[in-house]
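Below are the chains, spelled out letter by letter.
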Amino acid sequence: MPTYFAHADLPYVPQQVFDLVADIESYPKFLRHVAAARIRRRNVNTLWVDQVVRFAMLRLRFSTRAVLEPPSRIHVVCNDSVFGTFDETWRFAGGPSGGTRLECHATYELRSGLIRMAMGPALSDLLSTSVKAFQARARQIYGAASVSG
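To keep things clear, this report deals only with the structure shown in the data block. (Residues numbered from 1 in each chain as written. Predicted model: local features only at pLDDT ≥ 70, side-chain atom pairs only at ≥ 80, totals over all residues. Heavy atoms only, no water.)

Some thoughts on the pairing of strand S2 (residues 34–43)
Spelled out, the test is: Strands are treated as partners if at least two bridges between them are detected by DSSP. Helix numbers and strand numbers start at the N terminus; a helix is a DSSP run of H or I with at least 4 residues, a strand a run of E with at least 2.
With eight bridges joining them, S2 and strand S3 (residues 46–55) adopt antiparallel strand pairing. Among the inter-strand pairings, Ala36 is bridged to a residue of S3, identified as Val52.

If you want it as structure tokens, here you go:
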């Protein structure tokens, strides 16, 4: 089962970076592969989210459950039939220079062989592309100022 990992060091405090990743409904504004994202329901620290992800001409619609543990962790799972496995964990830890080490570990497995053939190659790049997009979004929202340690 494919497992992916991506990380980045950002010059912002963990709560700022956490807030960017937790702002799911803004994803279509800066994540090219997210066509739509809507929070269907909230209950304390849990969000139920409907998403549409695009890969070339293909659109994949699915729902996830995200458990928010501010400011250190977001755990996302999907039990829709399109995925055999969808488990993603975002971590936000203080970095040595006072910023944040953003990490994402993910395991994705598509049930359909046809969809896996169409999207499989893109999944390996998806996470690193997402982390880079969050870096750019942080600069856009918070500016280029750095945190001093």
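There's plenty left to go through after this.
Re the environment of Lys132
With respect to the helices and strands, Lys132 occurs in helix H3 (residues 113–142). A C-alpha to C-alpha distance of 7.9 Å links Lys132 and Ala8, two positions 124 residues apart in sequence.

With respect to the sheet that holds strand S4 (residues 58–69)
Filter applied, for reference: To get an axis, a line is fitted to the C-alpha atoms, and for a helix only the part in contact is used. The angle between two axes follows their N-to-C directions and goes from 0 to 180 degrees.
Sheet architecture is open: seven strands sit in the order S1-S7-S6-S5-S4-S3-S2, paired in antiparallel fashion. The sheet terminates laterally at strand S1 (3–10) and S2, the two strands that pair on one side only. Neighbour-to-neighbour, the strand axes of the sheet open up by a mean angle of 20 degrees, direction not taken into account. In terms of strand pairing, strand S5 (residues 73–77) meets strand S6 (residues 83–94) through five bridges, oriented antiparallel. In the sheet register, Arg73 faces S6, and the bridge partner there is Arg91.

A few points about the packing of aromatic side chains
Note the threshold: Paired rings are identified among Phe, Tyr and Trp, the last through its six-membered ring, by centres lying within 6.5 Å, and are further divided according to the angle between planes into stacked (under 30 degrees), edge-to-face (over 60) and tilted (the rest). Relative accessibility decides the category of a residue: with a 1.4 Å probe and only protein chains considered, values under 20% of the type maximum give buried, values over 50% give exposed, and everything between is partly exposed.
As enumerated under the stated definition, the model contains eleven aromatic pairs in all. Considering the side-chain rings of Tyr4 and Tyr108, the 5.7 Å spacing of their centres and the 35 degrees angle between planes classify their relative orientation as tilted. Of the two residues, Tyr4 sits in strand S1 while Tyr108 sits in strand S7 (residues 100–110), which places them 104 residues apart along the sequence. Residue Tyr4 is classed as buried on the basis of its relative accessible area, which comes to 13%.

Some details on the side chain of Ser63
Here is the rule we go by: Polar contacts, as used here, are pairs of N or O atoms within 3.5 Å; protein pairs need one atom able to donate a hydrogen and one able to accept it. Residues neighboring in sequence count only if both atoms are side-chain atoms. Residue contacts are defined here by distance: any two heavy atoms, one from each residue, within 4.5 Å place the two residues in contact.
Summarising the element assignment, Ser63 is placed in strand S4. For Ser63, the side chain forms a polar contact with the side chain of Asp50, separated by 2.7 Å. Other than its neighbours up to four places away in sequence, Ser63 contacts Arg40, Val49, Asp50, Val77, Cys78, Asn79 and Asp80.

Things to note about the nonpolar core
For clarity, the cut-off: Side-chain atoms within 4.5 Å link the members of a nonpolar core, which is a set of buried Ala, Val, Leu, Ile, Met, Phe, Trp, Tyr and Cys residues.
With 45 residues, the main nonpolar core has Ile74, Trp90, Leu102 and Phe134 as its most contacted residues. Sorting elements by how many residues they give to this core places H3 first, with seven residues. With residues near it in sequence (within four places) discarded, Trp90 still touches Val21, Ser72, Arg73, Ile74, Leu102, Glu103, Cys104, Leu127, Ser130, Val131 and Phe134.

What to know about the pattern of salt bridges
Condition: Take a side-chain nitrogen of Lys or Arg and a carboxyl oxygen of Asp or Glu: if they are within 4 Å of each other, that pair is a salt bridge.
Enumeration according to the criterion identifies five salt bridges in this entry. Here Asp50 ties to Arg40 by a salt bridge, and the two come within 3.1 Å at their closest N and O atoms. You can see Asp50 sitting in strand S3 and its partner Arg40 sitting in strand S2, a full ten residues away along the chain. Its relative accessible area of 41% is what places Arg40 among the partly exposed residues.

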